[in-house]
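# Structural characterization, general
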Amino acid sequence: MTTADGELERREAVFHRWAPYFMLGLGTLLASATAGRIMPHTGERIAAAVLVAAALVLQLWWTRSGRYHRGPNTISATYFVARWAIASTLTILNGFFAFYVVAGYYDTNELIPGRRRKRLALFACSVPVAIAQAGGLPFGNVSGWLVFAGLLIANNALVIVLKHFADQQEARSLSRAATIAELEQAHKENAALQAQLLVQAREAGIADERRRLAAEIHDTIAQGLTGIIAQLQVVSNTSDPATIQDHVSRASDLARHSLGEARRSVQNLAPAGLSYDGLPEALRKTVEQWSERTGVPAEFTLTGTAQHLHGEFSATILRITQEALANVSKHAAATRVGVTLSFMDSEVTVDIRDDGKGFDPLTLPARSGTGGFGLEGMRARAERIAGSLTVEAEPGFGTAVSARVPLVLHA
């Protein structure tokens, strides 16, 4: 339920609570002003005063206990009948008390159970109203009764038409409420599905990273260790100093190379820049350090309100930026570079632009042998966390790399 719907229901409840008091007060005021002409006898005035007091007591009782007997049920119907009986009697004494009868038009649905009983209750309310409109009892002649009958028919026709429109409006309201509930449920299901997809993407990314590390360990560190063992085995089987020196030197070279490969793998796994800074500051330092190292002017820009991203999403954006800058320094021959980090409602983007020589996007460079992943590697990184990477380039007109990832905040 929306705030507007809740406010409307509150106002309707206030109206149903105080409308009978207002109608009774209005009828009593007008009846008092016309008592000399309409109720000339003292007995009539005393009876009207007693009935008004009874009506007020009835209303006070219902105001206090009605919330415990919310209808439609037997108790609420009994209250309705008692009020109608008092109001009808008052109307016979003075037609202005018909205002109190009119209160029954507004709360029949809340007080009377059953559709047929509701219709009967509305008809019962129209009878004293028609009597008041016809001038009050007794009518005196046939024409008076005919006027009363015509007014009774007209009042009920009007009630039927208004009730029909009210039922249609209620049906439309219920239909809208059902549609809103379905949309809210669909939204919740979509949110749950998105969360599930993100979890699956994260798990898939972890699995891909494990496979990558396993392949790198097998291709580099494991082979290096195998080579070291082979060199040491040669040393253990010979006594020639020159041969020993040669194979020990080879083993040392393999050990240094394997150590470098191990450090590179660890660095690719956990970006050091995020250990002390948030993503915007880490990117700013990365751009500044790259500019100092290459001598190419580079500018970092932050748009939107920075938020604390989930660690894996921050690491992905930082790695993509580092790889894109590495590609610029290796291939672009650029004179200016711009990096923009943008926080939006549901996603985060990073754009790396240069004014270098560009290239044909249909002929992407293959993965290098120095630990880089190239454009395909950056795209794979983004897709692991349900993101995307686009490249706009043209020979002679620079390159623009844009990565988009979901806005997933740090838990």
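Residues numbered from 1 in each chain as written. Predicted model: local features only at pLDDT ≥ 70, side-chain atom pairs only at ≥ 80, totals over all residues. Heavy atoms only, no water.

## Focus on the nonpolar core
In this structure, Ile317, Val337, Val339, Leu341, Val348 and Leu389 are the most contacted members of the largest nonpolar core, which totals 37 residues. At the level of elements, α9 (279–294), α10 (311–332), β2 (337–343), β3 (347–354), α11 (374–384), β4 (388–393) and β5 (399–406) are the ones that each hand at least two residues to this core. At eight residues, the largest contribution of residues to this core is made by α10. Excluding its chain neighbours within four sequence positions, the residues that come into contact with Val339 are Val287, Glu299, Phe300, Thr301, Thr321, Leu325, Val350, Asp351, Ile352 and Arg353. In terms of nonpolar packing, the next biggest core, distinct from the first, is built from 28 residues, Met23, Ala77, Leu93 and Val129 among them. (Core = buried A, V, L, I, M, F, W, Y, C linked by side-chain atoms within 4.5 Å. Buried < 20%, exposed > 50% of the residue type's maximum accessible area, 1.4 Å probe, protein only. Helix = DSSP H or I, 4+ residues; strand = E, 2+ residues; numbered from the N terminus. Contact = heavy atoms within 4.5 Å.)

## Thoughts on unusual backbone geometry
A positive phi angle is found at Ala333, which is not glycine, with a value near 55 degrees. Residue position: Ala333 is located in the loop between α10 and β2. Residue Ala333 is classed as exposed on the basis of its relative accessible area, which comes to 63%.

## Some points on a negative patch on the surface
A cluster of acidic residues, Glu9, Glu12, Glu110 and Glu170, forms a negative patch at the surface. Structurally, Glu12 is set in helix α1 (residues 3–33). According to the relative accessible area criterion, Glu12 is partly exposed, its value standing at 42%. (Patch = residues over 30% accessible without salt bridge, like charges linked within 9 Å, V, L, I, M, F, W, Y side chains within 5 Å. Areas by Shrake-Rupley, 256 points an atom, 1.4 Å probe, with all protein chains shown as cover. Salt bridge = Lys/Arg side-chain N within 4 Å of Asp/Glu carboxyl O. Lys, Arg positive; Asp, Glu negative; His and termini not counted. Charge placed at Lys NZ, Arg CZ, Asp CG, Glu CD.)

## Topic: the pattern of salt bridges
Per the stated rule, a full pass over the model turns up five salt bridges. Asp253 is the partner of Arg256 in a salt bridge, and the nearest nitrogen-oxygen pair spans 2.4 Å. Taken together, the positions of Arg256 and Asp253, both in helix α8 (residues 241–269) and three residues apart, correspond to about one turn of that helix. What makes Arg256 exposed here is its relative accessible area of 55%. The exposure class of Asp253 is partly exposed, given its relative accessible area of 41%. For Glu281, the salt bridge is made with Arg284, and the minimal N-O distance between the two is 3.8 Å. Placement of the pair is Glu281 and Arg284 together in helix α9, with a separation of three residues, close to one helical turn.

## Looking at the packing of helix α3 (residues 42–65) against helix α4 (residues 74–93)
In contact at an axis separation of 10 Å, α3 and α4 are set at 160 degrees when each is read in the N-to-C sense. In terms of axis orientation, α3 runs roughly antiparallel to α4. For the pair α3 and α4, the crossing hand works out as left-handed. Listed contacts from α4 to Glu44, Ala47, Ala48, Leu51, Val52, Ala54, Ala55, Leu58, Gln59, Trp61 and Trp62 of α3 are Ile75, Ser76, Tyr79, Ala82, Arg83, Ile86, Thr89, Leu90 and Leu93. Residue composition of the contact of α3 with α4, by class: 15 nonpolar, three polar and two charged. (Axes fitted to C-alpha atoms, helices over the stretch in contact; angles between N-to-C directions. Parallel < 35°, antiparallel > 145°, perpendicular 65-115°, else oblique. Left-handed = near helix turned anticlockwise from the far one by under 90°. Nonpolar A, V, L, I, M, F, W, Y, C, P; charged D, E, K, R; others polar.)

## Some words on the packing of aromatic side chains
Taken as a whole and judged by the stated rule, the model has five aromatic pairs. Taken together, a centroid distance of 5.8 Å and an interplanar angle of 50 degrees make the contact between Trp61 and Trp62 tilted. With a relative accessible area of 41%, Trp61 lands in the partly exposed category. For Trp62, a relative accessible area of 15% gives the class buried. An aromatic cluster of at least three residues, connected via ring pairs, comprises Trp61, Trp62 and Tyr79. (Phe/Tyr/Trp six-rings, centres within 6.5 Å; stacked < 30°, edge-to-face > 60°.)

## Concerning the confidence of the model for the protein
When the pLDDT values of the protein are averaged, the result is 83; 88% of them are 70 or greater. Of all helices and strands in the protein, the one with the weakest mean pLDDT is α8 (75), whereas β2 scores best (96). Scored below 50 in pLDDT, residues 368–372 shows seven contacts in the model against residues more than four places distant or in partner chains. (pLDDT = per-residue confidence, 0-100.)

## Description of a nonpolar patch on the surface
Residues Leu158, Val161, Leu162 and Phe165 make up a contiguous nonpolar surface patch of roughly 390 Å² in combined accessible area. Locating Val161 in the fold gives a position in helix α7 (residues 142–236). Assessed through its relative accessible area of 40%, Val161 is described here as partly exposed.

## Quick look at the packing of α9 against α10
α10 packs onto α9 with a crossing angle of 15 degrees between their chain directions and a minimal axis gap of 10 Å. When the axes of α9 and α10 are compared, the pair comes out roughly parallel. The two elements α9 and α10 cross, and the hand of that crossing is right-handed. On α10, the residues touching Leu279, Ala282, Leu283, Thr286, Val287, Trp290 and Thr294 of α9 are Ser314, Ile317, Leu318, Thr321, Gln322, Leu325, Ala326, Val328 and Ser329. Split by residue class, the contact of α9 with α10 holds 10 nonpolar, six polar and no charged.

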